Amino acid sequence: MFPILLHIGMHKTGTSAVQRVFSRNSWILAAAGIHYWAPRVGWVKRASKAIDLYGAVQNRASGQGPHPKFGAPEDVLARICAKAARHWVVVSAEGLSGQDPAFAQALAPLRGTARALVYLRRQDAWVESFYRQMVKSAEVAERRPFAAFLADPWTKAHLDYPALLRRWSEALGQDAVSGR
């Protein structure tokens with residue numbers, strides 16, 4: 001089996017830009033024997049990120065069972081591993097960097113095969129940028145003052161980089177995880 005590279009970029013670390021470059025240049029990667037995991041899904045011709053993997057794990061973590069479109073996390077991992085039987089595979093999804101340990105645990109079966117590159121941003125710059133995004137978002141419409149947002153346990157969990165890296169190291173092995 002060829003290696004699987006998990007690109008675990010937190011929100012606001014340039015992850016979407018990296019995913020767009022990988023997706024738009026997937027044919028160049030393919031010529032080099034690298035498959036960028038960007039599955040075809042119903043509402044878009046080709047996603048720029050591993051939304052199937054994220055969706056499957058998120059559904060399981062929230063107690064909803066298998067995702068109605070993507071299936072169980074094991075199903076998605078099986079498809080990724082089938083591709084890795086013939087190619088290097090790059091998988092990228094922002095949601096994998098969240099505070100929920102379910103994401104690292106779901107990918108633990110890739111231990112020995114996968115390496116994770118975790119993109120981080122200086123915590124003060126990250127939280128300021130993310131807060132601005134949440135305030136501007138019509139969907140979220142964050143209304144709390146910055147200090148209240150910063151004190152929220154959810155925010156604190158996202159700022160706990162050692163815990164994030166520890167979860168991935170426990171799942172994939174210490175030598176398989178790099179934080180940048």
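Look above for the structure.
On a predicted model such as this, the values are computed, not experimentally measured, just so you know.

Strand order in the open sheet formed by five strands is S2-S3-S1-S4-S5, with parallel pairing between adjacent strands. Looking at strand neighbours, the two that pair on one side only are strand S2 (34-37) and strand S5 (177-179), the edges of this open sheet. Going across the sheet, the axis of each strand differs from the next one's by a mean of 20°, ignoring polarity. As defined by bridge partners, S2 adjoins strand S3 (residues 88-92) across four bridges and the pair is classed as parallel. Each residue of the ladder has a partner; that of Tyr36, found in S3, is Val90.

As a volume, the largest pocket reaches approximately 360 Å³. If you trace the largest pocket, you find 16 residues lining it, with His11, Tyr54, Gln58, Glu94 and Gly95 closest to the centre. Taken together, the elements giving at least two residues each to the lining of the largest pocket come down to helix H3 (51-61) and helix H8 (153-159). Looking at the lining of the largest pocket, the element that brings in the most residues is H3, giving three residues. Broken down by class, the residue content of the lining of the largest pocket amounts to six nonpolar, seven polar and three charged.

Both strand S1 (residues 4-9) and strand S4 (residues 114-119) contribute to a ladder of six bridges, which runs parallel. Each residue of the ladder has a partner; that of Gly9, found in S4, is Tyr119. Looking at chain direction, S4 and S5 are connected through three bridges and run parallel. The partner of Leu117 across the bridge, within S5, is Ser178.

A full pass over the atoms with the stated rule returns one cavity of 30 Å³ or more. Within this model, the largest cavity holds a volume of roughly 30 Å³. Around the largest cavity, the lining residues are Met10, Ser97, Gly98, Gln99, Ala157, His158, Asp160 and Leu164. Partitioned by chemical class, the residues of the lining of the largest cavity number three nonpolar, four polar and one charged.

Right, let's talk about the packing of aromatic side chains for a bit. One pass over the structure, following the stated rule, counts seven aromatic pairs. Their ring planes at 50° and their centres at 5.1 Å tell us that Phe22 and Tyr36 sit as a pair that is tilted. One end of the pair, Phe22, is in helix H1 (residues 15-24); the other, Tyr36, is in strand S2, with 14 residues separating them in the sequence. Judged by its relative accessible area of 1%, Tyr36 is buried.

With respect to the element layout, His158 can be found in helix H8. The class for His158 is buried, based on a relative accessible area of 9%. Setting aside anything within four residues of it in sequence, one finds His158 in contact with Met10, Gly98, Gln99 and Trp126.

Conventions we followed
- Residues numbered from 1 in each chain as written.
- Predicted model: local features only at pLDDT ≥ 70, side-chain atom pairs only at ≥ 80, totals over all residues.
- Heavy atoms only, no water.
- Pairing = 2+ DSSP bridges.
- Helix = DSSP H or I, 4+ residues; strand = E, 2+ residues; numbered from the N terminus.
- Axes fitted to C-alpha atoms, helices over the stretch in contact; angles between N-to-C directions.
- 1 Å grid on protein atoms, 1.4 Å probe; cavity = no way out; pocket = protein on both sides within 12 Å on 5 of 7 lines; lining within 4 Å.
- Points joined across faces, edges and corners; volume = space filled by probe spheres on them.
- Nonpolar A, V, L, I, M, F, W, Y, C, P; charged D, E, K, R; others polar.
- Phe/Tyr/Trp six-rings, centres within 6.5 Å; stacked < 30°, edge-to-face > 60°.
- Buried < 20%, exposed > 50% of the residue type's maximum accessible area, 1.4 Å probe, protein only.
- Contact = heavy atoms within 4.5 Å.

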